[in-house]
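Structure at a glance
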Amino acid sequence: QKEVEQDPGPLSVPEGAIVSLNCTYSNSAFQYFMWYRQYSRKGPELLMYTYSSGNKEDGRFTAQVDKSSKYISLFIRDSQPSDSATYLCAMGRMNRDDKIIFGKGTRLHILP
Amino acid sequence: KAGVTQTPRYLIKTRGQQVTLSCSPISGHRSVSWYQQTPGQGLQFLFEYFSETQRNKGNFPGRFSGRQFSNSRSEMNVSTLELGDSALYLCASSLEGQGLDTQYFGPGTRLTVL
């Protein structure tokens, strides 16, 4: 079983819809969770960073973590064509000797 | 504050050659991590340097190597290039290390091996 699983998509949704992106993980020791957005031919950009189970909101973006189910989600409200990108989940332990584990990313297309 | 910069942005090499990529982290950041990104494998961790010492290493052959200088700038080198080394190479910097705080990525170097 891979440490982090993420559906590669592509996921196409109409402009204005709510988007739900998800990752599952197998290592219950992960302590913090991140979502990165990557536009074509660019480096990943950090969107959301959270430590605990529950929801964290930032503008149109909400990150949700369910540690009991080992499941994290990113919701995008009022989606815009500019949200079209690849979204990568990432997670790690608060340990200097550990490395962050990334999902392979979900390609998202917002249709105008 | 300037972001992470990587040079060159694009590179074309032939099999058997070697290549050196450069990364300048955000000012004050002491950790630099390198990743290889391909459509099939996603982001794969190569290695992390902190204060000029390699702290972590991924599962890549010895042809991939790196170093970090006293000003935190880092280079990675790939020797005896293979076709499968064609990828986007990303570096990311953080204050104390990828296991301790958030990373900020550069734009990447796209390497094509012919």
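Before reading further, recall that the structure is shown in the block above.
Anyway, here's the lowdown on the structure attached to this text. Given the structure is predicted, the values throughout are model-derived calculations rather than measurements. (Residues numbered from 1 in each chain as written. Chains lettered and ligands numbered in written order. Predicted model: local features only at pLDDT ≥ 70, side-chain atom pairs only at ≥ 80, totals over all residues. Heavy atoms only, no water.)

**A closer look at the nonpolar core**
Soluble globular proteins tend to pack their nonpolar side chains together in the buried interior. All names here are of chain A. Inclusion rule: As used in this record, nonpolar core signifies buried Ala, Val, Leu, Ile, Met, Phe, Trp, Tyr and Cys residues forming a set joined through side-chain atoms within 4.5 Å. Three exposure classes are used, based on accessible area relative to the maximum for each residue type with a 1.4 Å probe and protein chains only: buried under 20%, partly exposed in between, and exposed over 50%. We count a stretch as a helix when DSSP gives it H or I for four or more residues in a row; a strand needs E for two or more, and each element gets its number in order from the N terminus. Note on contacts: a residue pair qualifies if any of its non-hydrogen atoms lie within 4.5 Å across the two residues.
One finds Val 4, Trp 35, Ile 72, Leu 74, Tyr 87 and Met 91 to be the most contacted residues of the largest nonpolar core, which totals 24 residues. Elements that contribute at least two residues to this core include exactly strand S3 (19-25), strand S4 (32-38), strand S5 (45-50), strand S7 (61-66), strand S8 (71-76), strand S9 (85-92) and strand S11 (106-111). Those residues in contact with Met 91 that lie beyond four places of it in its chain are Val 4, Tyr 25, Phe 30, Tyr 32, Phe 33, Met 34, Ile 72, Ile 100 and Ile 101.

**Brief notes about the pairing of strand S6 (residues 53-57) of chain B**
All names here are of chain B. Applied cut-off: Here a strand pair is declared whenever DSSP counts at least two bridges between the two strands.
The sheet contact formed by strand S5 (residues 42-50) and S6 spans four bridges and is antiparallel. For Glu 48, the partnering residue across the bridge sits in S6 and is Asn 56. Taking the residues that link successive antiparallel strands as the turn, the S5-S6 hairpin has two residues, and the phi of Ser 51 there is positive, at about 45°.

**What about the interface of chain B and chain A?**
To keep things clear, this is the line we draw: Put simply, buried area is the surface a 1.4 Å probe can reach on two separate parts but cannot reach once they are joined, added for both. Here a salt bridge means any side-chain nitrogen of Lys or Arg lying within 4 Å of a carboxyl oxygen belonging to Asp or Glu. Two N or O atoms form a polar contact when they lie within 3.5 Å of each other; inside protein one atom must be a possible hydrogen donor and the other a possible acceptor, and for residues adjacent in sequence the pair counts only when both atoms belong to side chains. Three categories are distinguished: nonpolar for Ala, Val, Leu, Ile, Met, Phe, Trp, Tyr, Cys and Pro, charged for Asp, Glu, Lys and Arg, and polar for the others, with Gly belonging to the last.
Contacts between the two partners involve 24 residues from chain B, matched on the other side by 20 residues from chain A. Both faces considered, chain B and chain A share a buried interface measuring about 1800 Å² in area, 53% of it formed by carbon and sulfur atoms. One can count zero salt bridges joining chain B with chain A. Our count for the chain B to chain A interface comes out at three residue pairs in polar contact (both at pLDDT 80 or more). Here the side of chain B that touches chain A gets four residues from one element, more than from any other, and that element is S5(B). In terms of residue class, the side of chain B that touches chain A is made up of nine nonpolar, ten polar and five charged.

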